[in-house]
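The primary structure of each chain is shown beneath.
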Amino acid sequence: MESQHRDLLRFATAGSVDDGKSTLVGRLLYDTKSVLADQIEAVERASVDKGMSTPDLSLLVDGLRAEREQGITIDVAYRYFGTPTREFVLADTPGHVQYTRNTVTGASTAELAVLLVDARNGVVAQTRRHAAVLSLLRVPRLVLAINKIDLIDYDEAKIRDIEREFTELTRSLGFEAPSIQVIPLSALVGDNVAGRSERTPWYAGPTLLEHLESVPVEGAGGHFATDAPFRLPVQYVIRPRTDELHDYRGYAGQIAAGTVRAGDEVVVLPEGHRTTVSEVRTADGPLDAAGAGLSVTVLLADDIDAPRGALIAAAADAPEVTSEIDATLCWLAEKPLVPGARLLLKHGTRTTQVVVGALTSRLDTEAVSYTEAPEQLGINDIGRVSLRVADPLPVDPYARIRTTGGFVLIDPPTGNTLAAGLVGDPLGSVAAGVGSS
């Protein structure tokens, strides 16, 4: 079928409260005919009851009663829609300051982020905060959606001023010009969302949907690095133990980065055993090659131990195996993090005990500046820490490979996730751009 050949783009939305994010998401769903007729009718009736002359498309996405009553988005919601060109997974993240951690969650697997600003207000503190978070997470492409241009009478000069200020901000955060697209639009009336607006003849760029359909996609999973060295976290060891497959031993998992072929030299970490790949298979049979994002079974030439939790990596460019990890954390829990905390760390398919060492610095995401040596990290805080794990782990810098450079910290008694972790200092460019306090 044709839909099987369409690629997939994962993207996230971010922005301040009342910038019109829910309306924009609703507009995308409406204009791509991704909602049912009875849903549209319900929205139209509710909009009339509210005294609105046009449908309130935000009602298509703000599904929780609390969200509707407060007029804000509370949690990350994943929306699925498609066009004849491409399929999309959209992480609709909250705009309120207290839900910054939810923005981190939604953007962590995104290949593109749409950051909204209100054309009347321009770049505000929350814009700077979200831009810093997107830089931290190494989201490779960014769209500035200057929304509500109908409320400033499509004033080109005002929009150009916002574009210049945003360009200066993103340059200081390490974004390069080709990865940034600025689109003036009105989610309420549809200007430059799916169709080009006649009211912005001075704008020659793509509509938002045209841009989403045309940006390059990095492979099956979007956030997987297809051009990076090969990485396969072992999820399961397949041993049929039948008469026909008595000696069969396959290592199954999802390729986190790179490409693998039969004959490739690999190393099994953390043990360090070197061997070669004898075969790459899926449920449909053997493959000549398999890339990042694909779930496969790899057979090795030598009978070596590669249990669940091991990492099979390219021998020529293997990650460092270490017990000491310099990391950046986004703290997600109500209870603050303090030095000496004993937690669990899950990296890939392996979980091990970890002790938190020094807290090096904390990022003030509103001022986009650093505080050195904080006493603790509170909820929504982002900071650098040193960690010591009980079992050495093969880790890549997050700035190089997002999947094998990321991990989570877990509360041992409850199993709750406490923090999202990034190996290394992906905030380095932020520090260089904005300094410290």
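Residues numbered from 1 in each chain as written. Predicted model: local features only at pLDDT ≥ 70, side-chain atom pairs only at ≥ 80, totals over all residues. Heavy atoms only, no water.

### Observations regarding the sheet that holds strand β2 (residues 77–82)
- If you walk across this open sheet you meet the six strands as β2-β3-β1-β4-β5-β6, and the pairing is mixed. With one partner strand each, in any of the chains shown, β2 and β6 (180–184) form the two edges of the open sheet. Averaged over neighbouring strand pairs, the angle between their axes works out to 25° when direction is ignored.
- Taken together, the five bridges between strand β1 (residues 7–15) and strand β4 (residues 112–118) define a ladder with parallel strand orientation. Looking at the pairing, T13 lines up with V114 of β4.
- Lying over the sheet, helix α1 (residues 21–31) contacts β1, β2, β3 (86–92) and β4, oriented at roughly 155° with respect to β1.
- The strands touched by helix α6 (residues 156–172) are β4, β5 (141–147) and β6; relative to β5, the strand with the most contacts, the crossing angle is about 150°. (Pairing = 2+ DSSP bridges. Helix = DSSP H or I, 4+ residues; strand = E, 2+ residues; numbered from the N terminus. Axes fitted to C-alpha atoms, helices over the stretch in contact; angles between N-to-C directions. Contact = heavy atoms within 4.5 Å.)

### Overview of the packing of aromatic side chains
- Under the counting rule described, the total for this entry stands at three aromatic pairs.
- On the basis of an interplanar angle of 85° and a centroid distance of 6.3 Å, the ring pair of F11 and F81 is categorised as edge-to-face. In this pair, F11 sits in strand β1 while F81 sits in strand β2, placing the two residues 70 residues apart along the sequence. For the pair F11 and F81, a shared accessibility class is recorded, and that class is buried.
- The buried category is assigned to F81, whose relative accessible area is 6%. (Phe/Tyr/Trp six-rings, centres within 6.5 Å; stacked < 30°, edge-to-face > 60°. Buried < 20%, exposed > 50% of the residue type's maximum accessible area, 1.4 Å probe, protein only.)

### Overview of the environment of P374
- By the secondary structure assignment, P374 is in the loop between β20 (369–372) and β21 (382–395).
- Residues P374 and L359, 15 residues apart in the sequence, show an inter-C-alpha distance of 6.2 Å.
- The residues contacting P374, other than those within four sequence positions of it, are L359, T360, S361 and R362.

### A closer look at unusual backbone geometry
- The linkage connecting L269 with the following residue, P270, adopts the cis geometry, with an omega of 15°.
- Within the element layout of this structure, P270 appears in the loop between β11 (265–269) and β12 (273–282).
- Positive phi, close to 55°, is recorded for K33, a residue that is not glycine.
- In this structure, R138 is a non-glycine residue whose phi angle is positive, near 60°.
- Relative to the elements of secondary structure, R138 occurs in the loop between α5 (125–136) and β5.
- Assessed through its relative accessible area of 29%, R138 is described here as partly exposed.

### Concerning the pairing of β4
- Across the seven residues of β4, seven count as buried, placing the element largely inside the fold.
- Side chains of β4 alternate between two faces, with L112, V114, L116 and D118 and A113, L115 and V117 buried alike.
- One crossover worth recording links β4 to the parallel β5 by way of α5, and it is right-handed. (Right-handed = clockwise from strand over helix to strand, strands pointing away.)

### Observations concerning the nonpolar core
- In terms of nonpolar packing, the biggest core is built from 65 residues, with F11, L28, V114, I146 and L208 touching the most fellow members.
- Discounting chain neighbours no more than four positions away, the residues touching L208 are L24, L28, V114, V143, I183, L185, N192 and V193.
- Counting 23 residues, the second-largest nonpolar core is a separate cluster that includes L337, L343, A419 and V423. (Core = buried A, V, L, I, M, F, W, Y, C linked by side-chain atoms within 4.5 Å.)

### Points about the side chain of T200
- Mapped onto the elements of the fold, T200 is located in the loop between β6 and α7 (208–214).
- One polar contact links T200 to N192, side chain to side chain, over a distance of 3.1 Å.
- For T200, the contacting residues outside a window of four places in its chain are I149, Y154 and N192. (Polar contact = N/O pair within 3.5 Å; in protein donor to acceptor, adjacent residues only side chain to side chain.)

Interpretation in functional terms is not warranted from these geometric data alone.
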